[in-house]
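Listed below, chain by chain, are the residues.
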Amino acid sequence: MNQSMTIGIDLAKHIFFVAALDGSGKPARRKKLRRHEVLPFLANHPGAVVGMEACSGAHHWARKIRALGHSVQLLPAQHVKAYLRGQKNDYNDALAIAEAVQHGRIRCVEIKTVDQQLDQSLHRLRQALVTEQTGLINRTRALLAEHGVDLPEGKQRFRQAVIAQLEDAENGLPWRLRELLGRQYQLFIALEQELAWYEREIKTKAAENEACQRLMSVPGYGPIVSSAFYGWLGSGQQFRCGRDVAAALGLVPKQYSTGGKTVLGSISKRGDRHLRALLVHGARAVARYAKERDDRLSRWVCSLIERRGYNKAVVALANKLARIGWAVVARGQPYQAVPA
């Protein structure tokens, strides 16, 4: 198969723009296609390297195009921007994608399977429910604060405080405010039940996945963290080492160096914000009980807390957990704690 031709596709809802480069990098063809014309066009095209930005719908198109015999690469959209030349239009966007693919310096996004996308959908919807529930709690606390009632922070204490306010008939709350508070509480309970369903589903899927089972052998990885990490990482073959995984998740220091002088700042916070937060929460759980354990990782965390402080040690541990998670998935071996 001759795959010297490189094709860049600018994805959209209805109109797709295609730009092709030959083996020497010169523009060979460009075309505007409607949605239903994309696959027939590629089916009749000789084998080529097809590049797209990793945006909405990209994994679906990647699976369909790969089934036609083409080699498909998904590129992070923020890195393709540097290859755009001239005015911004759809043809130039497709040409920039083709040049980025041909250059070969951008790490590709691994094409996800349908199951991986469905697992990620569970996490995205669960996180949306958590955000909605947090907003409901804050709105209710602000509403009651206007009437001189101070509700405590935290989900469980919020539930207890609202029940106490509704059951106390002599607290002086207006009946309309009591009615509003009752409706907010019913909505809170509905969100609790919906969240419980999503968490049960995530735990069930994690229990059926061999890679997630290996990840759960790592300290700080529960069903939710392992499922989210595997859904993001995939096979892990797109990364050369665990350090690249930590960098992709934004768990490494931000660098601003010039003139031979290295300047490192706070973490870069690149990549998936939700997964990074889950890893930090998992690291915080490990650090909390590190003094009670005698393995090498726990000793390292305790030493780091003494030298650098608790918060920095937690982020450094999250970095290490990301590296360990990659090794567990990519090498297919469970985690084994090393004695101190």
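Not measured: the values here are computed from a predicted model. (Residues numbered from 1 in each chain as written. Predicted model: local features only at pLDDT ≥ 70, side-chain atom pairs only at ≥ 80, totals over all residues. Heavy atoms only, no water.)

1. Section: the nonpolar core
Tyr221, Phe229, Leu233, Val245, Leu249 and Leu279 are the most contacted members of the largest nonpolar core, which has 57 residues in total. Residue assignment for this core shows that the elements contributing at least two residues are helix H5 (114-145), helix H6 (155-167), helix H7 (175-208), helix H8 (210-215), helix H9 (223-233), helix H11 (273-288), helix H12 (296-308) and helix H13 (310-331). When residues of this core are assigned to their parent elements, the largest contribution, 10 residues, is made by H7. Beyond its immediate sequence surroundings of up to four residues, valine 245 is in contact with Phe229, Trp232, Leu233, Phe239, Ala322 and Trp326. In terms of nonpolar packing, the next biggest core, distinct from the first, is built from 20 residues, Ile7, Leu42, Met52 and Leu74 among them. (Core = buried A, V, L, I, M, F, W, Y, C linked by side-chain atoms within 4.5 Å. Buried < 20%, exposed > 50% of the residue type's maximum accessible area, 1.4 Å probe, protein only. Helix = DSSP H or I, 4+ residues; strand = E, 2+ residues; numbered from the N terminus. Contact = heavy atoms within 4.5 Å.)

2. Topic: empty space enclosed by the protein
Tallied over the entire structure, the rule returns 1 cavity of 30 Å³ or more. Elements with a contribution of two residues or more to the lining of the largest cavity: H5, H9 and H11. At 3 residues, the largest contribution of residues to the lining of the largest cavity is made by H5. Looking at the lining of the largest cavity residue by residue, the classes come out as 3 nonpolar, 3 polar and 2 charged. Here the lining of the largest cavity spans two domains, and each of domain 2 (114-208) and domain 3 (219-328) adds at least three residues to it. (1 Å grid on protein atoms, 1.4 Å probe; cavity = no way out; pocket = protein on both sides within 12 Å on 5 of 7 lines; lining within 4 Å. Points joined across faces, edges and corners; volume = space filled by probe spheres on them. Nonpolar A, V, L, I, M, F, W, Y, C, P; charged D, E, K, R; others polar. Domains from an automatic or database assignment.)

3. As for the sheet that holds strand S4 (residues 49-53)
Sheet strands pair via backbone hydrogen bonds, and the direction of the pair is either parallel or antiparallel. With respect to topology, 5 strands assemble into an open sheet ordered S3-S2-S1-S4-S5, the strand pairing being mixed. Where the open sheet ends on each side, the last strands, each with one partner, are strand S3 (27-34) and strand S5 (71-75). On average, each strand axis in the sheet is inclined to that of its neighbour by 20 degrees, with strand direction left out of account. In terms of strand pairing, strand S2 (residues 15-21) meets S3 through 7 bridges, oriented antiparallel. (Pairing = 2+ DSSP bridges. Axes fitted to C-alpha atoms, helices over the stretch in contact; angles between N-to-C directions.)

4. Examining the layout of surface pockets
Counted as a void, the largest pocket has a volume near 980 Å³. Contributing to the lining of the largest pocket are 29 residues, with Pro76, Val109, Trp232, Ala248 and Gly271 lying nearest its centre. Breaking the lining of the largest pocket down by element, the ones donating at least two residues are helix H3 (77-80), H5 and helix H10 (242-248). Classifying every residue of the lining of the largest pocket gives 12 nonpolar, 8 polar and 9 charged.

5. Details of the pairing of S2
The element S2 is extensively covered by neighbouring structure, given that 6 of its 7 residues are classed as buried. Direction of pairing for strand S1 (residues 6-10) relative to S2: antiparallel, over a ladder of 5 bridges. Along S2, the bridge assignment pairs aspartate 10 with phenylalanine 17. Counting the residues that bridge the hairpin from S1 to S2 gives 4 residues. Remark: 5 residues form the turn of the hairpin made by S2 and S3, two consecutive strands paired antiparallel; glycine 25 in that turn has positive phi of roughly 90 degrees.

6. With respect to the packing of H6 against H7
For the pair H6 and H7, interaxial distance at closest approach is 11 Å and the crossing angle is 145 degrees. Considering how the two elements wind past one another, H6 and H7 form a crossing that is left-handed. Counted together, Lys155, Phe158, Arg159, Val162, Ile163, Gln165 and Leu166 of H6 and Arg178, Leu181, Gly182, Tyr185, Phe188, Ile189 and Glu192 of H7 form the full contact between these two elements. Residues belonging to the contact of H6 with H7 are distributed by class as follows: 8 nonpolar, 2 polar and 4 charged. (Left-handed = near helix turned anticlockwise from the far one by under 90°.)

7. A look at the state of the cysteines
Tallying each qualifying case throughout the model produces 0 disulfides. Of all cysteine sulfurs in the structure, the one in cysteine 108 sits closest to cysteine 55, which takes part in no disulfide; the separation is 14 Å. Its relative accessible area of 26% is what places cysteine 108 among the partly exposed residues. (Disulfide = S-S within 2.5 Å.)

8. What to know about unusual backbone geometry
Its identity is not glycine, yet lysine 269 carries a phi of approximately 60 degrees, on the positive side. Among the structural elements, lysine 269 can be located in the loop between strand S7 (264-267) and H11.

9. Focus on the domain arrangement of the chain
Taken domain by domain, the chain holds domain 1 (6-103), domain 2 (114-208) and domain 3 (219-328). Placing a centre on the C-alpha atoms of domain 2 and another on those of domain 3 gives a separation of 30 Å. Across the boundary between the two partners, domain 2 contributes 10 residues, which contact 11 residues of domain 3. Taken together, both faces of the contact between domain 2 and domain 3 bury some 930 Å²; the carbon and sulfur share is 59%. On the domain 2 side of the interface with domain 3, the three residues burying the most area are Gln116, Gln120 and His123, jointly 44% of the side's total. (Buried area = accessible area lost by both parts, 1.4 Å probe.)

10. Regarding the side chain of glutamine 120
Its location among the elements puts glutamine 120 in helix H5. Here glutamine 120 is in contact with Lys112, Gly231 and Trp232, once residues within four sequence places are set aside.

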